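Close look at the chain arrangement
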Amino acid sequence: MAKFIIRGGNQLSGTLEVKGSKNAVLPILCATLLAEGEYILHNVPNLRDIETMNKVLQALGITVEKIDNHSYKIINDGVKSVEAPHEFVSIMRASFLVMGPLLASQKEARVSLPGGCAIGARPVNYHLEGFKKLGAKITMDHGYVGAKASKLVGTEINLPFPSVGATENIVMASVLAEGKTVIKNVAKEPEITDLCNFLNKMGSKITGLDTDTLEVEGVKELHACEHKIIPDRLEAGTFIIMSAITGGKIRVDGADLNHLSGFLEKLEEIGVKVNQYGEIKVGELKPVDIVTEPYPGFPTDLQAQTMVLLSMVDGKSTVHETVFENRFMHIMELNRLGCNIDAHGQVATILGKVNLCGAKVEATDIRAGASLILASVIAENTTEINEIKYIERGYEDLENRLKAVGVDIVRVE
Ligand code: EPZ
């Protein structure tokens, strides 16, 4: 298994360029199932998850061609299968996002039910309820979810929770439905807006972007288009913290700071400021209380990384995780590096300021792994991070990019 060996303590400086958003491109790749034609996608990050999604599309009969380091041509000359194989869904839950577009364009879909993962059970009941309300018949057999509809008819759907995946799947299922679909209590993450912009470029009629309610006027047919993926706010947030804990000499370039308002407000409260050029200024650091929330609140995907920053602050901070039921797997690993974090239920208490010292640790999920990298960069001696396959799902070519700003990092197979 691949691992990172990182020797901490180096003075870091330079610029880290933010790549395209993993969580924007994954649903957009699924949307190419909605219409035949040749799509061009720019600013696509080179990540394991993208490779997996491309394999899912190829299994459905779509051709995926890389045209340069971060651009792809996607050719849909007819969907050949409506079944997403278990082998791909089991390694990447986002594969479940093919269900909505397959239902819309093929009136049928069969997708392996995603299992849970380290951060929680992560059911898909909201997705399936939405499909049923649009007129689909849902079946379950041998661990696969089947969906069939003679036609899909627009309706009103109220999401019990602003689920990112459910919002994306239901929007993609509704764009070719008869009549109007009103979806209430939707997720408002920038990745949803990027997907809706992409769908509207394809000829969809979606309004209410960036609000709690999306309205989708069903259309008869859609067409291919060209699109540039938005920057990855979660990679940007991770790098901003790396800069803040190492003296602020790393500039983070290419982020859309409007996508990080909830995070940046909390960072200012801690004593870290980020200007429009991505330059980071570190003042006197203060402990804070954080509650993770759906966008535009403090993102659950940055709480693990922020715990490393809070470990460098004198005093007691807390993080209340409200989105996932089990997203504290990184705490035990961070404590092995010298952090002093205690979790009771959904609330973690972080005591600082601590000195970190290298150790052997293991990544349990993508953002937990990112937090271990942040801690190892400031820990004395050497840290060995195992299971980096999780990290490489969401961060492109970290070894070379971090080396370029002075991190002593080696990737070992
Ligand atoms: C997306 O996951 C992201 N993944 C996650 O990022 C992110 O953490 C999450 O949204 C929250 O922002 C992608 O976009 C590919 P949800 P998703 O549906 O869609 C419950 C990363 O780090 N729920 O908003 O799976 C669910 O259990 C990944 O890149 C149901 O109960 O998240 C969870 O507690 C990790 N039933 C909560 O809602 C459902 O049908 C939020 O889940 C759907 C969700």
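Residues numbered from 1 in each chain as written. Predicted model: local features only at pLDDT ≥ 70, side-chain atom pairs only at ≥ 80, totals over all residues. Heavy atoms only, no water.

It is worth spelling out the sheet that holds strand 3 (residues 37–42) at this point. One open sheet accounts for 4 strands, arranged 4-5-3-14; its pairing is mixed. Either end of the sheet is taken by a strand with one partner, and the two such strands are strand 4 (63–68) and strand 14 (226–228). Each strand axis lies, on average, 20 degrees off the axis of its neighbour in the sheet, ignoring direction. Docked against the sheet, helix 1 (residues 22–31) engages strand 3, strand 5 (71–76) and strand 14, running at close to 170 degrees with respect to strand 3. Sheet strands touched by helix 7 (residues 190–201): strand 3 and strand 14. Its angle to strand 14, the strand with the most contacts, is close to 160 degrees. (Pairing = 2+ DSSP bridges. Helix = DSSP H or I, 4+ residues; strand = E, 2+ residues; numbered from the N terminus. Axes fitted to C-alpha atoms, helices over the stretch in contact; angles between N-to-C directions. Contact = heavy atoms within 4.5 Å.)

Once that is clear, we can look at the nonpolar core. The biggest cluster of nonpolar side chains holds 77 residues, and the ones touching the most others in it are Leu34, Val98, Met99, Val175, Leu199 and Met202. Residues in contact with Met99, not counting those within four places in the same chain, are Ala109, Val111, Leu128, Phe131, Val145, Gly146, Ala147 and Asn169. Counting residues in each nonpolar core, the second largest holds 66 residues, with Leu260, Leu310, Met312 and Leu398 among its members. (Core = buried A, V, L, I, M, F, W, Y, C linked by side-chain atoms within 4.5 Å. Buried < 20%, exposed > 50% of the residue type's maximum accessible area, 1.4 Å probe, protein only.)

Inspection of every chain in the model, using the stated rule, returns 25 salt bridges. Of the charged contacts in the structure, one is a salt bridge between Glu392 and Arg48, with a shortest N-O distance of 3.3 Å. Here the residue Glu392 occupies a position in the loop between strand 23 (382–386) and helix 13 (398–403), and Arg48 occupies one in helix 2 (residues 48–59), the gap between them amounting to 344 residues. Judged by relative accessible area, which is 34%, Arg48 ranks as partly exposed. With a closest N to O distance of 3.0 Å, Lys266 and Glu269 form a salt bridge. Of this pair, Lys266 and Glu269 both sit in helix 9 (residues 261–270), 3 residues apart, which is roughly one turn of that helix. By relative accessible area, which is 16% here, Lys266 ends up buried. By relative accessible area, Glu269 is classed as partly exposed at 40%. Among the ionic contacts, a cluster of salt bridges with common partners joins Arg48, Glu392, Arg411 and Glu413. (Salt bridge = Lys/Arg side-chain N within 4 Å of Asp/Glu carboxyl O.)

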